[in-house]
Amino acid sequence: MIVFDHVTKDFGHGQPVLRDLSFHIEPGELSFLIGRSGAGKTTLLRLIYGAERPDSGTIRVASRDVSRLRPGSVPYLRRNIGIIFQDSKLLASRTVAGNLLFALQVAGIGGRAAKNRVDELLERVGMAGRAADWPAELSGGEQQRVAIARALANDPALILADEATGNLDPDVREEILTLFDAINQAGTTILFATHDMDVVREMRKRVLTLVGGEMVSDRPPELEAAYR
Amino acid sequence: MPRPLYHLAFLFADGVRAVRTHLALAVMTGLTIAVTLLLLGLFTAVYHHLERVAERLHGELGMVVFLADDCAPAQRDALLGWLRHRPEVAAVTQTSKEEAAATFTKRHPESAALLALLEENPLPASLEVHLDGALTAAATASLAHEVEGFAGVDAVRYGEQWLASLLGLSRWLRGGGASAGALLALATLFIVSNQVALSIYARREEIDIMRLIGATNRFIRTPFYLEGALTGLFGGGVAALLLAATHRLVGPLLATPGGGLLAGSLDLVSFGIRQVAVLAGGGALLGMVGCWASIGHFMKR
């Protein structure tokens with residue numbers, strides 16, 4: 001699903017942010033990308049969804065070379081990738097349903113089909129019956145559930161989560177991780193960037209570790225379990 | 001409803017929502033557009049009106065060809081024949097030196113004695129040329145120039161100085177109106193682009209999210225263009241209303257005998273659906289161009 005081949009990204013502020021990264025993630029995997037703040041996790045995710053271009057190396061997402069993608073093709077790449085952030089990034093001026101409809105409309109889905117899809121998505125993330133609520137009326141965990149529903153709107157093959165549980169209490173975090181696990185069980189590839197080792201320990205999945213822009217370890221789930 | 005229509009309806013609703021969110025700003029921008037279009041409209045109306053007045057008056061003034069004292073009858077007849085065959089000449093009336101003196105005496109009896117004191121009648125024979133009313137000032141000048149080339153012609157008068165002043169004024173109005181209009185249009189574009197810039201700034205988070213979920217630049221831009229167009233449409237509508245009111249108020253005044261220089265002249269430029277459509281379309285265009293200037297800059301970031 002994701003292939004990094006000797007990828008380097010340098011913003012010209014001294015050391016490269018990412019140095020000669022090579023790894024691949026198979027379809028259907030749920031992997032964690034860990035590292036301290038500034039390790040390059042967010043830059044790595046931005047390279048995957050086309051917000052940045054590598055200075056060298058190749059990145060392939062679903063067999064598509066995204067490292068040399070034309071700017072006009074980036075939106076179409078992103079429609080196949082769900083992106084979830086720490087702060088949920090819901091539009092305060094739209095209801096829960098409005099936020100989801102907005103994402104569906106961007107992908108060209110409207111009318112009755114979109115409304116049905118909204119109901120289906122809210123059901124899937126455990127937010128059925130909350131369509132008319134405003135983001136401000138939701139708890140942090142609920143907002144993140146809606147953000148996950150929005151990321152799933154186009155039924156993407158890949159979900160990128162950037163510190164998606166960073167603002168949540170442990171109980172809520174566990175609920176959200178369970179939700180991610182269920183989404184992964186349904187076949188969606190997930191790359192989850194976090195600096196929270198508790199998240200990694202709870203899930204027992206493959207862990208890619210970034211330190212200073214370099215991949216210092218890539219432990220498969222069974223080995224990760226042994227590390228506990 | 002077909003999918004493209006849903007899409008369009010969604011984008012239109014988004015544009016309307018943007019206008020409602022920044023209603024005060026949108027109204028101010030719309031009014032600025034209205035003032036610009038109103039002034040342009042007034043300049044255009046007055047310019048066209050003066051042109052029409054000039055056309056009508058020069059037709060009424062006609063042309064007088066003064067013949068030289070040594071003009072032979074054959075020369076006069078040649079000129080008469082030539083004039084009568086010109087399509088722009090409606091009629092030609094001859095006035096001999098004697099008839100000119102009689103007319104002078106009749107009009108100015110107090111000066112008749114002076115005329116009698118002179119050994120020779122100083123007043124020239126002339127041909128009064130009645131022109132086709134539809135003839136332009138430029139065509140009249142051209143005809144006069146041709147007549148001046150005939151042997152036996154001393155001078156040609158067709159109210160050129162008066163007409164030149166009037167046409168000069170209308171040309172000045174056209175130039176001044178175009179310059180003022182261009183400046184106002186530039187200022188309006190600046191204001192509209194700033195309105196859209198503020199709107200973009202207020203919605204930057206929304207735009208970032210749109211980009212993240214795969215919105216194309218066209219999808220992001222369209223509501224802003226609609227916002228600009230709706231604001232401009234409002235401005236154009238206000239300008240149309242004000243011009244229609246002006247037309248209704250000033251038109252009858254010009255048509256009355258007390259209307260001064262332009263009294264009894266033609267009505268102001270007719271104001272109908274076409275003018276409303278031009279103003280509304282012009283407003284929408286101004287709004288969209290202002291939006292383009294702003295969003296083009298934003299999208300380059």
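Quick caveat: nothing in here was measured; it's all calculated off a predicted structure. (Residues numbered from 1 in each chain as written. Chains lettered and ligands numbered in written order. Predicted model: local features only at pLDDT ≥ 70, side-chain atom pairs only at ≥ 80, totals over all residues. Heavy atoms only, no water.)

Caption draft 1: A look at the overall build of chain B. Broken down by element type, chain B carries 10 helices and 4 strands. When the helices and strands of chain B are listed from N to C terminus, the series reads α-α-β-α-β-α-α-β-α-β-α-α-α-α. By the burial criterion, 38% of the 301 residues in chain B qualify as buried. Put simply, of all contacts in chain B between residues at least 6 apart along the chain, 83% involve residues at least 24 apart. (Helix = DSSP H or I, 4+ residues; strand = E, 2+ residues; numbered from the N terminus. Buried < 20%, exposed > 50% of the residue type's maximum accessible area, 1.4 Å probe, protein only. Contact = heavy atoms within 4.5 Å.)

Caption draft 2: Looking closely at the side chain of asparagine 184 of chain A. Position of asparagine 184 of chain A among the secondary structure elements: in helix α6 (residues 170–185). When residues no more than four places from it in sequence are discounted, the contact partners of asparagine 184 of chain A are Gly28, Glu29, Leu30, Ile190 and Lys205 of chain A.

Caption draft 3: Region of interest: the pattern of salt bridges. Residue and element names in this part refer to chain A. Tallying each qualifying case throughout the model produces 19 salt bridges over all chains. Two residues, aspartate 181 and lysine 205, come together in a salt bridge whose shortest N-O distance is 3.7 Å. Of this pair, aspartate 181 sits in helix α6 while lysine 205 sits in the loop between α7 (197–203) and β9 (206–211); the two residues are 24 residues apart in sequence, bridging distant segments of the chain. On the basis of relative accessibility, which here comes to 24%, the residue aspartate 181 falls in the partly exposed class. Residues joined in a network through salt bridges with shared partners are Lys9, Arg46 and Glu52. (Salt bridge = Lys/Arg side-chain N within 4 Å of Asp/Glu carboxyl O.)

Caption draft 4: Spatial organisation of the nonpolar core. Grouped together as the largest cluster of nonpolar side chains are 66 residues, with contacts concentrated most on Phe32, Ile84, Ile148, Phe180 and Phe192 of chain A together with Phe224 of chain B. In terms of residues, this core owes the most to one element, helix α3 (residues 96–106) of chain A, which gives 7 residues. When sequence neighbours within four positions are dropped, the list of residues in contact with isoleucine 84 of chain A reads Gln144, Ala147, Ile148, Ala151, Ile159, Leu160, Ala161, Asp162, Ala164 and Phe180 of chain A. Residues Ile25, Leu77, Ile83 and Leu210 of chain A belong to the second largest nonpolar core, which totals 31 residues. (Core = buried A, V, L, I, M, F, W, Y, C linked by side-chain atoms within 4.5 Å.)

Caption draft 5: Quick look at the confidence of the model for chain B. Per-residue pLDDT for chain B has a mean of 78; in total, 83% of the residues score no lower than 70. Confidence, expressed as mean pLDDT per element, reaches its minimum in chain B at helix α1 (residues 3–21) of chain B with 70 and its maximum at helix α3 (residues 73–84) of chain B with 91. (pLDDT = per-residue confidence, 0-100.)

Caption draft 6: A look at the pairing of strand β7 (residues 158–162) of chain A. Residue and element names in this part refer to chain A. Counting buried residues along β7, 5 of its 5 residues qualify, which places the element largely inside the surrounding structure. The side-chain alternation of β7 yields two buried faces, one formed by Leu158, Leu160 and Asp162 and the other by Ile159 and Ala161. Relative to β7, strand β6 (residues 81–85) runs parallel, the two being bridged by 5 bridges. Following the sheet pairing, isoleucine 84 is matched in β7 by alanine 161. Pairing of β7 with strand β8 (residues 189–194), which is carried by 5 bridges, proceeds in the parallel orientation. (Pairing = 2+ DSSP bridges.)

Caption draft 7: Region of interest: the interface of chain A and chain B. Between chain A and chain B, the contact holds 22 residues from the first and 16 residues from the second. Summed over both partners, the interface of chain A with chain B comes to about 1,800 Å²; 64% of that surface belongs to carbon and sulfur atoms. Among the residues of chain A in contact with chain B, Phe102, Gln105 and Val106 of chain A are the three that bury the most area, contributing 31% of the side total. Taken together, chain A and chain B are joined by 3 residue pairs in polar contact (both at pLDDT 80 or more). Of all the elements in the fold, those that place two or more residues in the side of chain A that touches chain B are α2 (74–78), β6, α3 and α4 (111–124) of chain A. (Buried area = accessible area lost by both parts, 1.4 Å probe. Polar contact = N/O pair within 3.5 Å; in protein donor to acceptor, adjacent residues only side chain to side chain.)

Caption draft 8: How the structure looks around the environment of glutamate 26 of chain A. Residue and element names in this part refer to chain A. For glutamate 26, the location among the structural elements is in the loop between β2 (18–25) and β3 (30–34). Residue classification places glutamate 26 among the partly exposed positions, given a relative accessible area of 40%. Sequence-wise, glutamate 26 and threonine 189 are 163 residues apart; in three dimensions their C-alpha atoms are separated by 7.7 Å. Sequence-distant contacts of glutamate 26, that is, excluding residues within four places in its chain, are made with Met1 and Thr189.

Caption draft 9: Representation of the packing of aromatic side chains. Residue and element names in this part refer to chain A. Applying the stated rule across the entire model yields 4 aromatic pairs over all chains. When the ring of phenylalanine 32 is compared with that of phenylalanine 192, the centres are 5.2 Å apart and the planes differ by 50°; the resulting orientation is tilted. Within this pair, whereas phenylalanine 32 is found in strand β3, its partner phenylalanine 192 is found in strand β8, the two being separated by 160 residues in sequence. Each member of the pair, phenylalanine 32 as well as phenylalanine 192, is classed as buried. Here a set of aromatic residues connected by ring pairs shows up, and it is made of Phe32, Phe180 and Phe192. (Phe/Tyr/Trp six-rings, centres within 6.5 Å; stacked < 30°, edge-to-face > 60°.)

Caption draft 10: The sheet that holds strand β1 (residues 2–9) of chain A, seen in detail. Residues and elements named next belong to chain A. In spatial order, the strands read β2-β1-β4-β5; together these 4 strands make up an open sheet with antiparallel pairing. Looking at which strands have only one partner, the edges of the open sheet turn out to be β2 and β5 (64–65). Alignment of strand β4 (residues 56–61) against β5, held across 2 bridges, turns out to be antiparallel. Bridging across to β5, valine 61 finds its partner in arginine 64. Against the sheet, helix α1 (residues 41–48) makes contact with β1, β2 and β4, and its axis sits at roughly 120° relative to β1, the strand it touches most. (Axes fitted to C-alpha atoms, helices over the stretch in contact; angles between N-to-C directions.)

Caption draft 11: Geometry of the sheet that holds β6 of chain A. Residue and element names in this part refer to chain A. Taken together, the 6 strands give an open sheet; going across it, the order is β6-β7-β8-β3-β9-β10, and neighbouring strands pair in mixed fashion. The two strands at the open ends of the sheet, each matched to only one other strand, are β6 and β10 (214–219). The average angle at which neighbouring strand axes cross in this sheet is 15°, direction not considered. Contacts between helix α5 (residues 140–152) and the sheet are confined to β6 and β7, with β6 contributing the most and set at about 165° to the helix.

Caption draft 12: Seen up close, helix α6 (residues 137–148) of chain B. Residue and element names in this part refer to chain B. With 12 residues, α6 ought to run about 16 Å at 1.5 Å a step, and its terminal C-alpha atoms sit 16 Å apart, in line with that. What α6 keeps buried is the set Ala137, Thr140, Leu143, Ala144 and Val147. When α6 is viewed along its axis, its buried side chains cluster within an angular range of 120° and face the same direction. Counted as exposed and oriented over 90 degrees from the buried face of α6: Ala138 and His145. (Expected span 1.5 Å × (residues − 1). Arc of directions from axis to C-beta.)

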